[in-house]
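Residue-level structural notes
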Amino acid sequence: MTTKIFVNLPVKDLSKTMDFFSHLGFTYNKQFTDDKAACMVISDDSFVMLLTEKFFRTFTKKKVVDATRNTEVLVSISAESRERVDQMMKIAMSMGATEAGEPQEMSFMYGRSFNDPNGHIWEIVWMDMNAEQQDTVH
């Protein structure tokens, strides 16, 4: 059996957040999407559960951080090319995201990051796996 990952994030406005990520090309699994939560599909085995803050609080006794002020997690996803990294950044920025840091460039990797409308930091990264293997020490 393949292990699947579900990252759960609290959001202030579910509809606005879904619209934001739809513009970046993500889709939703309707089976697990309603007025309290949306299951955003990253890949066949990776998902982000966007949960209204009220619903998110039912899963924890801890205080939910304000992602616009504090960082608890960085969500990183891969892109198929450097051009796709830049394209996703451009779309995110046009939808109200803010840049979270300077572009990161290495011989085998290129990445950029943004703050989504809820303040969560997303990194979009392209990696040349062949070059990375050459740089890896065994």
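Each remark here, short or long, concerns the structure printed above.
What this report covers is the structure whose coordinates are included nearby. The residue numbering used here restarts from 1 in each chain and proceeds along that chain's sequence as written. Confidence filtering applies because this is a predicted model: local features only for residues at pLDDT of at least 70, side-chain atom pairs given and counted only at 80 or more, and all residues used for totals across whole chains, interfaces and linings. As a convention, hydrogens and water are excluded, and side-chain values are obtained from all of the structure's heavy atoms.

In this analysis, rings of Phe, Tyr and Trp, with Trp reduced to its six-membered ring, are considered paired at centre separations within 6.5 Å, and the interplanar angle assigns stacked below 30 degrees, edge-to-face beyond 60, and tilted for intermediate values. Going through the model one piece at a time under the given rule, you end up with six aromatic pairs. Summarising the aromatic geometry, the rings of Phe 20 and Phe 21 are spaced 4.9 Å apart at their centres and angled 85° between planes, so their arrangement reads as edge-to-face. Of the two residues, Phe 20 and Phe 21, neither departs from the other in class, the shared state being buried. An aromatic cluster is present here, built from Phe 20, Phe 21, Phe 26, Phe 114 and Trp 122 joined pairwise through their rings. Residue placement shows Arg 82 over the ring face of Tyr 110; its charged tip is 4.1 Å from the ring centre. Think of it in three bands: with a 1.4 Å probe and only protein chains considered, a residue is buried below 20% of the maximum accessible area for its type, exposed above 50%, and partly exposed in between. Working rule: Lys NZ or Arg CZ, within 6 Å of ring centre, within 35 degrees of ring normal, means a charge sits over the ring.

Moving on to the nonpolar core. Only buried residues count toward a nonpolar core. Its members are Ala, Val, Leu, Ile, Met, Phe, Trp, Tyr and Cys residues joined through side-chain atoms within 4.5 Å. By size, the foremost hydrophobic cluster in this structure holds 26 residues, and its most contacted members are Phe 21, Leu 24, Met 40, Leu 50, Phe 114 and Trp 122. Of all the secondary structure elements, the ones that give two or more residues to this core are β1 (5-11), α1 (14-23), β3 (37-43), β4 (46-52), β5 (74-78), α3 (82-94), β8 (109-115) and β9 (121-127). With residues near it in sequence (within four places) discarded, Leu 24 still touches Arg 84, Met 88, Ile 91, Ala 92 and Phe 114. In this structure, Ala 37, Cys 39, Phe 47 and Leu 51 belong to the second largest nonpolar core, which totals seven residues. Strands here mean DSSP runs of E at least two residues long; helices mean DSSP runs of H or I at least four residues long; both are numbered from the N terminus. What makes two residues a contact is simply this: any of their non-hydrogen atoms within 4.5 Å.

Okay, α3 next. Compared with the 18 Å implied by 1.5 Å per residue over 13 residues, the 19 Å span of α3 between its first and last C-alpha is a close match. Considered for burial, the residues of α3 that qualify are Arg 84, Val 85, Met 88, Met 89 and Ala 92. One side of α3 carries all its buried residues, which in axial view fall inside an arc of 140°. When the buried face of α3 is taken as reference, the exposed residues oriented beyond 90 degrees from it are Glu 83, Lys 90 and Ser 94. Lining the buried residues of α3 we find α1, β5, β6 (98-99), β8 and β9. Immediately downstream of α3, the backbone of Gly 96 shows phi near 105°, a positive value. The span you would expect from a helix comes to 1.5 Å times its residue count less one. The arc in question is traced by the directions running from the helix axis to the C-beta atoms.

Quick look at the layout of surface pockets now. The definitions used throughout rest on a 1 Å grid laid over the protein atoms alone, on which a cavity is an enclosed set of points accommodating a 1.4 Å probe that cannot get out and a pocket is an open set flanked by protein within 12 Å on both sides along at least five of seven lines; lining residues are those having an atom within 4 Å of a point. Grid points are joined across faces, edges and corners, and a volume is the space filled by probe spheres set on the points. When its volume is computed, the largest pocket comes out at roughly 300 Å³. Together, 18 residues line the largest pocket, and Pro 10, Phe 56, Val 64, Val 65 and Glu 72 are the ones closest to its centre. Take the lining of the largest pocket: its biggest share by element is four residues, from β1. The calculated volume of the second largest pocket comes to roughly 170 Å³. Phe 26, Ile 42, Ile 77, Ser 78 and Met 88 are, among the 13 residues lining the second largest pocket, the residues nearest its centre. Of all elements in the fold, only β3, β5 and α3 reach the threshold of two or more residues within the lining of the second largest pocket. Residues are grouped as follows: Ala, Val, Leu, Ile, Met, Phe, Trp, Tyr, Cys and Pro are nonpolar; Asp, Glu, Lys and Arg are charged; all remaining types, including Gly, are polar. A class-by-class count of the residues in the lining of the second largest pocket yields seven nonpolar, four polar and two charged.

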